[in-house]
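Now for the letters of each chain:
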Amino acid sequence: MELVTPDIGLIFWMTLSFLIVLAILKKFAWKPILQGLKDREDSIKESLSSAEKAREEMAKLKSDNEKLLAEARLERDKIIKEALATASSLKEEAKEDASKISGKMIEDARNVITSEKQAALAEMKQEVARLSLEIAEKLMRTNLSDDQSQRALVDRFINEVKVN
Amino acid sequence: MQNLPGAHHQFYKCILLIIFTFGLSIDSVNAASDPETKSEELNVGELIFEHVLDAHDWHILTWQGHHISVPLPVILYSPQKGLDIFMSSKFHHGHDSYQGYKLEEGHIVSEDGSEFYDLSITKTVAAIIISIILLCWIFIAAAKSFTTNRGKAPSGIQSVIEPLVIFVRDDIAKPSIGKDYVRYMPFLLTVFFFIWINNMLGLIPIFPGGANVTGNIAITMVLAVFTFVITTINTNKGYWVHIFNTPGVPWWLKFPVPLMPIIEIFGVFSKPFVLMLRLFANITAGHMIILVFVSMIFIFGSMNVWAGYGTSVVSMLFSAALTLLEILVAFLQAYVFTLLSAIYFGMAKVEDHH
């Protein structure tokens, strides 16, 4: 029975000493310990959040870079395409010009040839006429007294001959 | 780390101071002519109760009829005779009376039967003082490291204390009380470490350990009353509504016979009562079981010397195993007391969710 009978003196000393230890520890131990723990946790939280922020910034920078790169790539493609178009149009133009020039040259050449041919033909006609006359003269020097009427005859013959 | 050896040194000085102020008293008792000592040898029940109960001196051992003990101050107040303060060694273990008082079976009685109050520094009070010195030394040292190590990794004793403080805060206070937990932290931490350190000191068999502080009903009663008072002071309206007009039960349980309020009011007082009994019973039972195993050696030894030797092997193994178990119980009971206190504090602030 003594085991479960609280002793008044013990209750008194226990209450007193517990209050004292509570007061001492509250002021000199629990307050700095809990504050220290809280401070450390806060600083860890802060560091983590700043690390997260840095990470986000890095990601943003990276995406910015990628965007820039993509833009540059696009620009490059555009430039290349434009250059290609310009080149092909230039080529076309040059081709056209060349064909135009060559066409004209051919035309000119043809004209020259035609005129030369005409001239040559005329000259040839004259030469043929002369040669024929000479031949005829040589052949029939004697037969022909009247040179004038003979020549008219030969001219008529030559004209009747179609030269092609 | 570097302040630890100094602190150790201080601690030993402290203990030496206690021993020197009280002084070791060695009493010569003739074992052969003293029938008391003869019967004590065999009365295991008495021996165990002597160890578990409070005493006016701190008995260390009896060597060849000499009681070696630390005497403790006796403080008595009687309305007629006034205040009397003297060392318990004046009683010579109950053989002498002093200033009209004498020691009878560990209790001081007045010879003329007059009324008086015994406010002595008993074995339990001395153990409390030792535990308080230890607590203050450990935690003020830890607090000092917290201030010097601000923003740095913990070191020294701080590394030991920190996880325990975080345990009390994050696993006991926060989930049981909620966001208002901070104001209860000093009490919860003090109760937790007070109970734990006293449980552990109680497991050390020799002075300055071995006192059954947390296995004393007066101590657990004071602790439970603290929990009860703090719970009652910090109640809100919801708590009282819950007691007198319990929501969610049929009206005929409250009127005309207020059955529910009676049960609830009973619960208000049974909670700290159970808190008191649980700690007391667990720690006392632990002490008793270990003492029983140790005493078995002497019971068998008194029958036959060889039986005593044989039993000693088994008994030592059992009591060593039980001491290990008690180390677990020491922590567990401190945890349970603190957790239940925190739960009661949380329950005192009922939120209207019905």
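Residues numbered from 1 in each chain as written. Chains lettered and ligands numbered in written order. Predicted model: local features only at pLDDT ≥ 70, side-chain atom pairs only at ≥ 80, totals over all residues. Heavy atoms only, no water.

As a further point, take the pairing of strand β7 (residues 101–104) of chain B. All names here are of chain B. Here β7 shows a buried face lined by Tyr101 and Leu103 and an unburied face lined by Lys102 and Glu104. The sheet contact formed by strand β6 (residues 97–98) and β7 spans 2 bridges and is antiparallel. By the bridge assignment, tyrosine 98 is partnered in β7 with tyrosine 101. Taking the residues between adjacent antiparallel strands as the criterion, β6 and β7 are bridged by 2 residues, where glutamine 99 takes a positive phi near 50°. (Buried < 20%, exposed > 50% of the residue type's maximum accessible area, 1.4 Å probe, protein only. Helix = DSSP H or I, 4+ residues; strand = E, 2+ residues; numbered from the N terminus. Pairing = 2+ DSSP bridges.)

This part takes up the nonpolar core. Grouped together as the largest cluster of nonpolar side chains are 84 residues, with contacts concentrated most on A:Trp30, A:Ile33, B:Phe139 and B:Leu223. For this core, the elements supplying multiple residues, two or more each, are α1 (8–140) of chain A together with α3 (44–52), α4 (123–148), α5 (157–177), α6 (185–203), α7 (217–233), α9 (259–303) and α10 (305–347) of chain B. At 15 residues, the largest contribution of residues to this core is made by α4(B). Both of domain 1 (68–121) and domain 2 (124–347) of chain B provide at least three residues apiece to this core. With residues near it in sequence (within four places) discarded, A:Ile33 still touches B:Phe139, B:Ala142, B:Ala143, B:Phe146, B:Ile161 and B:Val165. Residues B:Phe86, B:Phe91, B:Leu103 and B:Ile108 belong to the second largest nonpolar core, which totals 8 residues. (Core = buried A, V, L, I, M, F, W, Y, C linked by side-chain atoms within 4.5 Å. Domains from an automatic or database assignment. Contact = heavy atoms within 4.5 Å.)

In most cases, non-glycine residues show a negative phi, while peptide bonds are predominantly trans. Residue and element names in this part refer to chain B. Despite not being glycine, glutamine 99 has its phi angle at roughly 50°, a positive value. By the element assignment, glutamine 99 lies in the loop between β6 and β7. Residue classification places glutamine 99 among the partly exposed residues on the basis of a relative accessible area of 42%.

A cluster of acidic side chains, namely A:Glu2, B:Glu46, B:Glu50 and B:Glu105, defines a negative patch on the protein surface. A residue is classified by how much of its surface remains accessible, and A:Glu2, at 38% relative accessible area, is partly exposed. (Patch = residues over 30% accessible without salt bridge, like charges linked within 9 Å, V, L, I, M, F, W, Y side chains within 5 Å. Areas by Shrake-Rupley, 256 points an atom, 1.4 Å probe, with all protein chains shown as cover. Salt bridge = Lys/Arg side-chain N within 4 Å of Asp/Glu carboxyl O. Lys, Arg positive; Asp, Glu negative; His and termini not counted. Charge placed at Lys NZ, Arg CZ, Asp CG, Glu CD.)

On to the interface of chain B and chain A, then. Accessible area lost during the coming together of the parts is what is often quoted as the interface size. Contact with chain B, which involves 50 residues of that partner, is made by 32 residues of chain A. Summing both sides of the interface, chain B and chain A together bury roughly 3,700 Å²; the carbon and sulfur share of this comes to 81%. Broken down residue by residue, the surface that chain B buries against chain A is led by B:Phe146, B:Thr190 and B:Phe226, which jointly contribute 14%. The residue B:Arg169 makes a salt bridge to A:Glu41 at a minimum N-O spacing of 2.6 Å. The interface formed by chain B and chain A includes 5 residue pairs in polar contact (both at pLDDT 80 or more). Counting only elements with at least two residues in the side of chain B that touches chain A, the list comes to α3, α4, α5, α6, α7 and α9 of chain B. Residues belonging to the side of chain B that touches chain A are distributed by class as follows: 36 nonpolar, 8 polar and 6 charged. (Buried area = accessible area lost by both parts, 1.4 Å probe. Polar contact = N/O pair within 3.5 Å; in protein donor to acceptor, adjacent residues only side chain to side chain. Nonpolar A, V, L, I, M, F, W, Y, C, P; charged D, E, K, R; others polar.)

Residue and element names in this part refer to chain B. The domain architecture assigned to chain B consists of domain 1 (68–121) and domain 2 (124–347). If you look at the interface, domain 1 gives 4 residues, while domain 2 gives 4 residues. Between domain 1 and domain 2, roughly 270 Å² of surface is buried when both sides are summed, and carbon and sulfur atoms account for 92% of that area. Contact with domain 2 buries area across many residues of domain 1, yet Val70, Leu72 and Ile121 alone supply 91% of it, more than any other trio. Joining domain 1 to domain 2, the criterion identifies 0 salt bridges.

The subject of this paragraph is the sheet that holds β6(B). Strand order across the open sheet formed by 3 strands is β6-β7-β8 (chain B), with antiparallel pairing between neighbours. Among the strands making up the open sheet, the edge pair consists of β6 and β8 (107–110) of chain B.

Here we come to the side chain of B:Lys123. Residue and element names in this part refer to chain B. Relative to the helices and strands, lysine 123 is located in helix α4. The buried charged residue lysine 123 lacks any salt bridge partner; its closest oppositely charged side chain belongs to aspartate 54, at an N-O distance of 7.1 Å. If sequence neighbours within four positions are ignored, lysine 123 has contacts with His51, Asp54, Ala55, Asp57, Trp58, Leu72, Gly210 and Ala211.

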